[in-house]
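A look at the structure
Here's the letter readout for the chains.
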Amino acid sequence: MRTAALRRCLAPALPAALPPSRGLCGLRQPRGGGGEAAAAAAARKITENAKKSLASLKRENPRLEPTLAIIQAHNDHLIQEINKEFAKEVGLRVIHICLPEGSGKDEVVNEILRLNEDPNVQGLALDLPESLYSSKVLNTVKPEKDVDGLSDVNLGRLVRGDADDCLVPPTASAVMELLEDLGGKTVLLVGAGGAVGAALQCMLQREGAATLSCRWEAPQLQTKLHHVDVVVVGSAKPDDVPVSWIKPGTTIISCSHDLLSEKHNYGQENNHAAENAVGSLAIAMRMKNMVKNTERWIQSQQYRKWDLHCLKLQPLSPVPSDIEISRAQSPKAVDVLAKEIGLLTDEVEIYGQTKAKVRLSLLERLKDQPDGKYVLVAGITPTPLGEGKSTVTVGLVQALTAHLNINSFACLRQPSQGPTFGVKGGAAGGGYAQVIPMEEFNLHLTGDIHAITAANNLLAAAIDARILHENTQTDKALYNRLVPVVNGVRGFSAIQLARLRRLGINKTDPGTLTEEEISKFARLDIDPSTITWQRVVDTNDRFLRKITVGQANTEKGFVRQAQFDIAVASEIMAILALTTSLQDMKERLGKMVVANDKKGQPVTAEDLGVTGALAVLMKDAIKPTLMQTLEGTPVFVHAGPFANIAHGNSSVLADKIALKLVGEKGFVVTEAGFGADIGMEKFFNIKCRASGLVPSVVVLVATVRALKMHGGGPNVTAGAPLKKEYTEENLQLVADGCCNLQKQIQITQLFGVPVVVALNVFKTDSPAEVDLVCKIAKQSGAFDAVPCNHWSAGGRGAVKLAQAVEKAANQKNSFKYLYNLELPIVEKIRIIAQKVYGAQDIELSPAAQSQVDCYTRQGFGNLPICMAKTHLSLSHQPERKGVPTGFILPISDVRASIGAGFIYPLVGTMSTMPGLPTRPCFYDIDLDPVTEQVKGLF
């Protein structure tokens, strides 16, 4: 009878008490008996207060479901039930992880590590045999989840007096709740070691008590027991220690399974109800801790101020190569960077030491956080060498954060390996304004482009395979293979049921379809001549621009002409850049039109049944990659559509996440490809429509070199030395070439956004040339024009630009789109051609006009326009520099990216697969077999 009663009272408190038994059992007083009632009342009050506090938190956070996980390594299920009852009363969810009896420390540690990283678990407690309570096990529990307060971190905070920042072990709290008027009294802790013993000593001393501690086998035990006022028993009393050693009137609190083996009650009978109340008090304290932990967890989910430690730069002169500069800087570990900018551990997926994916759950956590300022970096019409937009983007954020102490984020595109090994090189910035490590940035990164290639080519394979199978099978045979019998059961997959609904067939049993319905369901009847979906590869390979597929005998004569595009031209890349969530991406993937059927209706990826598989291949690619600049400021690298054959902007998701992280006064700086006439126009008309974001300011990048070219200077050719016109002062060429700068400023003003001109200064630029450009830019309507030296000086060289951007971002913004989506496709093309490029008019080829009519008929006429045009001129002719006028813009073809959400006309003879030059970059790229370092990237 007594043993059963003790088990009932001890079980609730087992996980929360001392190492030997972890249980809080009973209070003994020499007279009266009021302690039992006090314990029960205290437990009720604590439980009720915890319940009210949690209810208040839930009202403020309706989706909150605080969860306590308890790891148990024994077979006593009574403990589970008691914890669940208390938790249910308070409003908490409890999950028990029951390890097999006899489990070792490694099994416990592995389970703790798993729960540490579970974002749905806010508290973690242990209910283990004595042998498993080691320092290693206790300290594996994350301090922020340690509801029993047994880790060294929690105890350290308690000892230091950080009461608001620590959780007190529930048993210690229960003991202190039961003891009153401790001032001047002496308390003996017997067999009470470990974390709870240390906590008790600390708390008792703070209340003015003198504390002693000893083991049961200590020779001076009898003397101590006879002279103290309070005894706290932490483990089972040995039989050879008589109760008579304790002086009458001593208050005894037992935290052990075996209360006191001898039946000495000093005039009282055992009171099991009292014992139960005290055990309940310990559990109530645990629940109180859990509610406090939940409150902390909610606070941890709020926006966090940055604690960014920037890296120091020591620029050298002359400036070394990009890869030498990158290697000379030691980047921060990416998990450190993530913590500095307020990312939570469960929001980051580490890829090595310097890269990490960031989970989209952050957007939900910070949904109420105001966005920062949104800055777009665009440029004038460039030379084939590029004018340094990426370098300006990186230099600007280094200046804002490392030198002006303003939170900022750069959002860049992932470079294609085509240009990296072709002629243009990498895209990590340059000089002392780079993303590091630059070789990781410029090569595989986290594999996003490979994922796009795999998804794109899976869809391409599905198209040809479906045509082959439909051409070689009867309706019945085709249907039987599409809906096979598996384990004696025949059923439609989810995506097949969706297709049936789109066809108006409201049936779910495959055996009930009529012959007509079977044919309608099984046959897509793709017209091979209308296939627009091409295979892709991330290499500049001119010989894949036109190919023939299906020549093997196994393809039974199904031969057709096709082509490869470069991977970043894939519609899936555009979808990655424009999507706003995983669900949105899946829907967009399903909407991709790959061909028409023989009746002229669009055939989609959803019709082919491949949407789910594409989403699976893209599930990691949708997460932006976190890296850093040379000065340790954060960068997102995500998506990489070209601007001449796609929309040329990094991802909406990267921008949205960065805008939340920088805070209301911070800045997110993103870049649009090539000149403002291409990348910026698409940023405003396509990306901003998809994201709903409004830019604060445009930074327009110019160089004296490019302006001289537009002023009539000789051709600039990649890989060839610059002519003397570009290395010597020539004010006339600069003045004449500023017409292109003026035109790009005017284009920016069409959208109602302030523009700051950033003049990327080269060592061959004279002060007079620099002053002239800045003067003309301001006279032409720029808010400001600033010479920048970040390439040679890092962020310090772009401080004036950062200050100008900060001022411009506070100006009145009257942002507007260039055209109404409801206008006909041809009219939208004409508006872009005339208002942006300066064309007199447009001219559509018969094929282009036919496609426009087809897309309009299919209901796609209200999509924005994404012009595929050369980036080397405002016109369609690359050799026409400056500001061409009076030309007719030829539209050779019109295609549609329905999933991405735009129509893209091809201007002139645009190719979607670049080729390699005579001397590609790969001649200079090498690997040191000893150090494994990459050489020759730029």
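The preceding data block contains the structure.
One structure accompanies this document, and this report is about it.

1. A word on the overall build of the protein chain
- Tallying secondary structure elements over the protein chain gives 34 helices and 33 strands in all.
- For the protein chain, the C-alpha atoms occupy an extent of roughly 110 × 80 × 55 Å along the three principal directions.

2. A few points about the packing of aromatic side chains
- Within this structure, the stated rule accounts for 12 aromatic pairs.
- Note on Phe-683 and Phe-684: the rings are 5.5 Å apart at their centroids and 70° apart in plane angle, and the pair reads as edge-to-face.
- Accessibility expressed as a relative area gives 0% for Phe-683, which makes it buried.
- A relative accessible area of 0% means that Phe-684 is categorised as buried.
- Between Phe-684 and Phe-751, the aromatic rings sit 4.5 Å apart at their centres with planes inclined by 40°, giving tilted as the arrangement. A residue pair is termed long-range when its members are at least 10 positions apart, and Phe-684 in helix H26 (residues 676-691) and Phe-751 in the loop between helix H29 (731-749) and strand E27 (755-760) qualify at 67 residues.
- Phe-751 sits in the buried class, given a relative accessible area of 0%.
- An aromatic cluster is present here, built from Tyr-374, Phe-683, Phe-684, Phe-751, Phe-815 and Tyr-817 joined pairwise through their rings.

3. Regarding the pairing of strand E8 (residues 251-254)
- Of the two faces of E8, the one carrying Thr-251 and Ile-253 and the one carrying Ile-252 and Ser-254 are both buried.
- As defined by bridge partners, strand E7 (residues 230-233) adjoins E8 across four bridges and the pair is classed as parallel. Each bridged residue has a counterpart across the sheet, and for Val-233 the counterpart in E8 is Ser-254.

4. Examining unusual backbone geometry
- Cis geometry marks the peptide bond from Ser-317 to Pro-318, where omega comes out at 0°.
- Tracing the chain through its elements places Pro-318 in the loop between helix H10 (272-301) and helix H11 (322-328).
- Look at the link from Ile-436 to Pro-437: it is a cis peptide, with omega at -10°.
- Backbone geometry at Phe-674 places phi at a positive 55°, although glycine is not the residue there.

5. Brief notes about a nonpolar patch on the surface
- Together, Leu-916, Phe-922 and Tyr-923 make up a nonpolar patch on the protein surface, roughly 290 Å² of accessible area in all.
- Position of Phe-922 among the secondary structure elements: in the loop between strand E31 (902-907) and strand E32 (926-927).
- Given a relative accessible area of 38%, Phe-922 falls into the partly exposed group.

6. Examining the pattern of salt bridges
- This structure, assessed with the given rule, holds 40 salt bridges.
- Here Glu-387 and Arg-705 are joined by a salt bridge, their closest N and O atoms 3.3 Å apart. Note that Glu-387 is positioned in the loop between strand E11 (373-379) and helix H14 (389-403) and Arg-705 in helix H27 (residues 704-710), a separation of 318 residues in sequence. As far as the burial class goes, Glu-387 and Arg-705 line up, both buried.
- In this structure, the salt-bridge partner of Asp-893 is Arg-895, at a minimum N-O distance of 3.6 Å.
- It is possible to trace a salt-bridge network through shared partners that takes in Glu-349, Arg-359, Lys-619, Asp-620 and Lys-623.

7. Here we look at the packing of H14 against helix H32 (residues 799-809)
- Relative to each other, H14 and H32 sit at 85°, their axes nearing to 8 Å. In this view, H14 runs roughly perpendicular relative to H32, as classed from their interaxial angle. Contacts from Val-392, Leu-396, Ala-399, Leu-400 and His-403 in H14 reach Val-799, Leu-801, Ala-802 and Val-805 in H32.
- In terms of residue class, the contact of H14 with H32 is made up of eight nonpolar, one polar and no charged.

About the thresholds
- Residues numbered from 1 in each chain as written.
- Predicted model: local features only at pLDDT ≥ 70, side-chain atom pairs only at ≥ 80, totals over all residues.
- Heavy atoms only, no water.
- Helix = DSSP H or I, 4+ residues; strand = E, 2+ residues; numbered from the N terminus.
- Phe/Tyr/Trp six-rings, centres within 6.5 Å; stacked < 30°, edge-to-face > 60°.
- Buried < 20%, exposed > 50% of the residue type's maximum accessible area, 1.4 Å probe, protein only.
- Pairing = 2+ DSSP bridges.
- Patch = residues over 30% accessible without salt bridge, like charges linked within 9 Å, V, L, I, M, F, W, Y side chains within 5 Å.
- Areas by Shrake-Rupley, 256 points an atom, 1.4 Å probe, with all protein chains shown as cover.
- Salt bridge = Lys/Arg side-chain N within 4 Å of Asp/Glu carboxyl O.
- Axes fitted to C-alpha atoms, helices over the stretch in contact; angles between N-to-C directions.
- Parallel < 35°, antiparallel > 145°, perpendicular 65-115°, else oblique.
- Contact = heavy atoms within 4.5 Å.
- Nonpolar A, V, L, I, M, F, W, Y, C, P; charged D, E, K, R; others polar.

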